[in-house]
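Tertiary structure, described
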Amino acid sequence: MARQRSKKHIPERMEICHERWFDAPMLNKGNWRQACGFPEECEIYLEIGCGKGKFCTETATANPNVLYIALERDSSVILSAIEKAHALEIPNLFFINADAQLLENLFDDGEVDRIYINFCDPWTRRRKPKRRLTYKDFLNKYEMLLKPAGQIRFKTDNDELFDFSLEEFSECGWDLSEQTRDLHNSEWDGANVRTEFEQKFADQGITIKRVVAASPRK
Ligand SMILES: C[S@@+](CC[C@H](N)C(=O)[O-])C[C@H]1O[C@@H](n2cnc3c(N)ncnc32)[C@H](O)[C@@H]1O
């Protein structure tokens, strides 16, 4: 029942929050800072697959000088995130309702300073590694839109996806650091912001895997 309710009136509810997202986000390619009213020197952090927006709303609030853009392909899910940001009046957080496949149409070469990928679908059961957001084709897209040596901060609950991702990063020449298979009991937990899925997995006793990967582009 709750799921049905959340899908009701999506266009009308999106319209109420119209200043948080863009009808034609591709027109902002190369121009995101200006389109969102931010200075040219400000950093852009992009979250891919933001879900219901706990992570991006909390991190944007904590870093008001950074421009946050959260991308999510599911319109009913992103609506929850947009409504959250709207209700909290977070000025530095904007949304794109699109698939990550389209990233090169959305951002210019080197336009993004950092990417977050949190608990993306592991695609283990149906064995479709090409759909994983850390598959090499996606890494090549990220390398293009990130500034030189820009970072991807990646978290997952899934061991198979984590092993796969470490291999993909390494094969594509990314520099790995801050790697752990138990983030919540690591030195990096203090600065960690938990996502919705992360909290759910932690409550089930599943350890969280995390790595920071720096782009090979110098
Ligand atoms: C398992 S959920 C995790 C949500 C959130 N990051 C969290 O940790 O709570 C994965 C999210 O990524 C989104 N997603 C998966 N593939 C995507 C893609 N190719 N482009 C954009 N979003 C995607 C899904 O719609 C879903 O909301």
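Described below are features of the structure shown in this document. Keep in mind it's a predicted model, so treat the numbers as computed, not measured.

Before going further, it helps to spend a moment on a positive patch on the surface. On the surface, Arg125, Arg126, Lys128 and Arg131 cluster together to form a positively charged patch. The residue Arg125 is located in the loop between β4 (112-118) and α7 (136-145) in this model. Overall, Arg125 belongs to the exposed group, its relative accessible area being 82%.

The next point concerns the site of the ligand. Around the ligand there are 18 residues in total, and Gly49, Glu72, Ala100, Asn118 and Thr195 lie nearest to it. Take Asp99: an N or O atom from its side chain is 3.1 Å from a nitrogen atom of the ligand. With respect to the ligand, the side chain of Thr195 contributes an N or O atom lying 2.7 Å from an oxygen atom. For the ligand, the protein covers 91% of the area, taking 590 Å² as the surface of the free molecule. With respect to the pocket detection grid, the ligand is positioned in the largest pocket. Of all the secondary structure elements, the ones that give two or more residues to the shell around the ligand are β2 (67-72) and α9 (196-203).

Moving on: the pairing of strand β1 (residues 44-48). For β1, the buried fraction is high: 5 of the 5 residues fall into the buried class. By the alternation rule, side chains of β1 split into Ile44, Leu46 and Ile48 and Tyr45 and Glu47, which are all buried. With 5 bridges connecting them, β1 and β2 associate as parallel partners. Within β2, the residue paired with Ile44 across the bridge is Leu67. You can see the chain leave β1, run along helix α4 (residues 54-62) and come back into β2, and the turn it takes is right-handed.

Before going further, it helps to examine the side chain of Asn28. When you line up the elements, Asn28 lands in the loop between α2 (10-16) and α3 (32-35). By relative accessible area, Asn28 is classed as buried at 9%. Excluding residues that lie within four positions of it along the chain, Asn28 makes contacts with Phe22, Ala35, Leu106 and Glu111.

Below, the discussion takes up the environment of Glu58. Along the chain, Glu58 turns up in helix α4. Residue Glu58 is classed as partly exposed on the basis of its relative accessible area, which comes to 37%. Along the chain, Glu58 and Phe169 lie 111 residues apart, while their C-alpha atoms are 27 Å from each other.

What counts and what doesn't
Residues numbered from 1 in each chain as written. Predicted model: local features only at pLDDT ≥ 70, side-chain atom pairs only at ≥ 80, totals over all residues. Heavy atoms only, no water. Patch = residues over 30% accessible without salt bridge, like charges linked within 9 Å, V, L, I, M, F, W, Y side chains within 5 Å. Areas by Shrake-Rupley, 256 points an atom, 1.4 Å probe, with all protein chains shown as cover. Salt bridge = Lys/Arg side-chain N within 4 Å of Asp/Glu carboxyl O. Lys, Arg positive; Asp, Glu negative; His and termini not counted. Charge placed at Lys NZ, Arg CZ, Asp CG, Glu CD. Helix = DSSP H or I, 4+ residues; strand = E, 2+ residues; numbered from the N terminus. Buried < 20%, exposed > 50% of the residue type's maximum accessible area, 1.4 Å probe, protein only. Near = heavy atom within 4 Å. Polar contact = N/O pair within 3.5 Å; in protein donor to acceptor, adjacent residues only side chain to side chain. 1 Å grid on protein atoms, 1.4 Å probe; cavity = no way out; pocket = protein on both sides within 12 Å on 5 of 7 lines; lining within 4 Å. Sits in = over half its atoms within 2 Å of the grid points. Pairing = 2+ DSSP bridges. Right-handed = clockwise from strand over helix to strand, strands pointing away. Contact = heavy atoms within 4.5 Å.

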